[in-house]
Amino acid sequence: MRYSYLIMILLSDDILFSIVARGFPEGIDIYFDNVGGKMLDAVLLNMRNHGPIAFCGMVSQYNLEQPDGVNNPMNLVYKRVRMEGFVVFDYYPCYSKFLETVLPYIREGKIVYVEDVVEGLESGPAALVGLFSGRNIGKQVVAIAHD
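Just so you know, these numbers come straight off a predicted model, no measurement behind them.

Colleague: In this structure, what is going on with the pattern of salt bridges? I would like to understand it.
Modeller: Opposite charge on two side chains allows them to pair when their charged atoms are near. Inspection of every chain in the model, using the stated rule, returns 5 salt bridges. Here Lys 38 and Asp 68 are joined by a salt bridge, their closest N and O atoms 3.6 Å apart. Note that Lys 38 is positioned in helix 2 (residues 37-46) and Asp 68 in the loop between strand 2 (52-55) and helix 3 (74-78), a separation of 30 residues in sequence. In this structure Lys 38 comes out as partly exposed when scored by relative accessible area, which is 36%. Of the residues examined, Asp 68 reaches a relative accessible area of 32% and is grouped as partly exposed. Glu 108 is paired through a salt bridge with Lys 110; the nearest N and O atoms lie 3.1 Å apart.

Listed below in structure tokens is the structure:
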């Protein structure tokens, strides 16, 4: 089974809602949310019926004096979406099984991940700022030494 997926791009509200709707005309099957805010609002409007959301953070809200609320929670009801908190330490006992299952897929190219690598510890502060401004794509890595 193939699932739709979503890549977070920082855009104005109207463009964001439009792109999410156009990008997923049949709706979003499953969503892992660590952004919250307007992104979560756009996703809720476009979730498929019974689509699960794993909710692990709200990076768009961390530095706001007045965090945004969810503007359309009735979509959880209408679409019977299940939204559940996710914290990694609940799954530490499963970690070795996870690696056993996933690493072969990564080696075979069936799972591909993206890293944004900057060189040198002196690049660390700018890389951190880039995380919160939407500059990076994928996992942000600061390389301080190479094997």
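Here the narrative resumes, following the displayed structure.
Colleague: Can you walk me through the packing of aromatic side chains in this structure?
Modeller: Two aromatic rings, taken as a pair, are described by how far apart their centres are and by the angle between their planes. As enumerated under the stated definition, the model contains 3 aromatic pairs in all. Where Phe 32 meets Phe 86, the ring centres are 5.6 Å apart and the plane angle is 75 degrees; that geometry is what we call edge-to-face. With Phe 32 in strand 1 (residues 31-33) and Phe 86 in the loop between strand 3 (82-85) and helix 4 (95-107), the pair connects residues that are 54 residues apart, well separated along the chain. A residue is classified by how much of its surface remains accessible, and Phe 32, at 44% relative accessible area, is partly exposed.

Criteria and thresholds
Residues numbered from 1 in each chain as written. Predicted model: local features only at pLDDT ≥ 70, side-chain atom pairs only at ≥ 80, totals over all residues. Heavy atoms only, no water. Salt bridge = Lys/Arg side-chain N within 4 Å of Asp/Glu carboxyl O. Helix = DSSP H or I, 4+ residues; strand = E, 2+ residues; numbered from the N terminus. Buried < 20%, exposed > 50% of the residue type's maximum accessible area, 1.4 Å probe, protein only. Phe/Tyr/Trp six-rings, centres within 6.5 Å; stacked < 30°, edge-to-face > 60°.

In short, shape yes, function no, at least from these values alone.
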